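# Secondary and tertiary structure notes
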Amino acid sequence: MIERMWSGRSWLYIALLPLSALYGLVSGLRRLSYKLGLSRSWKAPVPVVVIGNLTAGGNGKTPVVIWLVEQLQQKGYRVGVVSRGYGGKSESYPLLVTDEVTTAQAGDEPVLIHRRTGAPVAVAPKRVEAIKALLADTPVDIVITDDGLQHYALQRDYEIVVIDGVRRFGNGCWLPAGPMRELAGRLKSVDAIIVNGGTPQTGELPMTLKGELAVNLLTGETRKVRDIPNGVAMAGIGHPPRFFATLQQLGADLQITHAFADHQSYEKSQLLALANSHQNLLMTEKDAVKCFQFAQPNWWYLPVYAYLPEDKGQIILTEIQALLPELDSHQ
């Protein structure tokens, strides 16, 4: 129902417009307060790059975070990441993510980013506290914040907005009548706009998510998706249909799909009920990081990688590197 309203295929959103107006008023006043200096914001001693979005729901933001971390690491920079840690609940914050920290504590995305990149990751509801903890624990040249475009208590040096190129902004309304955290006019003030799929508009950088080899959760074996028979797909992400469509494009033999809420936590019995011993359960990497402890031999996940044409990606990298000092002997 929400998807239909937000996409403009249902007129029921009209009943929620008063709440949307209130949301827009409150968020606008809050941003203005920081802009005028009435509310205090904090400036980190190292450059901060925010990768966020204007809409609720999955846009492919975390793969962009991973892409940027890896690109900067390859150039020799020490990169740290901070996150709100949606879906996790720690006894105390800020929380530094280690190999022992679980998704129940830190949330799925911080664990995924740390697992994929090896970068130091800190989690806290207030990202300022996360950055301070990160800097106190390890030297970094730059901090990337996973989400947080609307977290104006933290000053930023570079803003990247990720847009779902197919859904874009739906009906264009503020939450809850529409998907917008901020209206599309906010794009005029950001440094880069990345569009995941669809057709980019003027000034937008195209990106696709690519993946082909599924990984067995239990053994680490890799196999082409099309070579995995009797597939049952599941996804607990912002927009599950995107994952299911990706599997179909890769030639997956899908018998049924199951969509869960974003940041969904799972029990072993819950997933055992989805696929029998003659079937193979296919999931996202974001789901997989929550399931390794009770993985079964017929469970697979599909890692996806953000791909930007080299000349387009270089635009962002060049602008961000201009914020950084030249690499010195510590590298």
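The structure displayed is predicted, hence computed values, not measured ones.

Reading the values: rules and limits
- Residues numbered from 1 in each chain as written.
- Predicted model: local features only at pLDDT ≥ 70, side-chain atom pairs only at ≥ 80, totals over all residues.
- Heavy atoms only, no water.
- Helix = DSSP H or I, 4+ residues; strand = E, 2+ residues; numbered from the N terminus.
- Buried < 20%, exposed > 50% of the residue type's maximum accessible area, 1.4 Å probe, protein only.
- Contact = heavy atoms within 4.5 Å.
- Polar contact = N/O pair within 3.5 Å; in protein donor to acceptor, adjacent residues only side chain to side chain.
- Core = buried A, V, L, I, M, F, W, Y, C linked by side-chain atoms within 4.5 Å.
- Patch = residues over 30% accessible without salt bridge, like charges linked within 9 Å, V, L, I, M, F, W, Y side chains within 5 Å.
- Areas by Shrake-Rupley, 256 points an atom, 1.4 Å probe, with all protein chains shown as cover.
- Salt bridge = Lys/Arg side-chain N within 4 Å of Asp/Glu carboxyl O.
- UniProt positions renumbered as here; feature names shortened; annotations may be inferred.

What follows deals with the environment of Leu17. Turning to its location among the elements, Leu17 is positioned in helix H2 (residues 17–35). With a relative accessible area of 34%, Leu17 lands in the partly exposed category. Spatially, the C-alpha atom of Leu17 lies 40 Å from that of Leu96, the residues being 79 residues apart in sequence.

Bringing helix H6 (residues 127–137) into the picture now. Owing to its 3.6 residues per turn, the α-helix brings residues three or four apart onto one side. Residues of H6 that are buried: Arg127, Val128, Ala130, Ile131, Ala133 and Leu134. On its buried face, H6 is in contact with strand S1 (48–52), strand S2 (79–83), strand S3 (95–97), strand S4 (121–123) and strand S5 (142–146).

To continue, consider the side chain of Glu182. Its place among the elements puts Glu182 in the loop between strand S6 (158–164) and strand S7 (192–196). A polar contact is formed between the side chain of Glu182 and the side chain of Tyr152, at a distance of 2.7 Å. Engagement of the side chain of Glu182 in a polar contact is seen with the side chain of Arg186, the distance being 3.4 Å. Setting aside chain neighbours within four positions, we find Glu182 in contact with Arg31, Leu54, Leu149, Gln150, Tyr152 and Trp174.

Let us look at the nonpolar core. Residues Val49, Ile51, Leu68, Leu72, Ile144, Ile160 and Ile316 are the most contacted members of the largest nonpolar core, which totals 38 residues. Ranked by residue count, the leading element in this core is helix H3 (residues 61–74), at 7 residues. For Ile316, the residues in contact, after removing those within four places along its chain, are Tyr158, Ile160, Ala192, Ile194, Leu205 and Leu308. Val143, Leu149, Val161 and Phe169 belong to the second largest nonpolar core, which has 24 residues in total.

Attention shifts here to a nonpolar patch on the surface. The grouping of Leu19, Leu22, Leu25, Val26, Leu29, Leu32, Leu36 and Leu38 at the surface amounts to a nonpolar patch, some 810 Å² of accessible area in total. With respect to the helices, strands and loops of the structure, Val26 is situated in helix H2.

With that out of the way, let us pick up the UniProt feature "binding site: ATP" (unreviewed entry) in the protein chain. As annotated by UniProt and renumbered to match this structure, "binding site: ATP" (unreviewed entry) occupies Thr55, Ala56, Gly57, Gly58, Asn59, Gly60, Lys61 and Thr62. Assignment of secondary structure puts Gly57 in the loop between S1 and H3. Residues in contact with Gly57, not counting those within four places in the same chain, are Arg167 and Gly238. You can see Gly60 is positioned in the loop between S1 and H3. Here Gly60 is in contact with Val162, Asn196, Met207 and Arg242, once residues within four sequence places are set aside.

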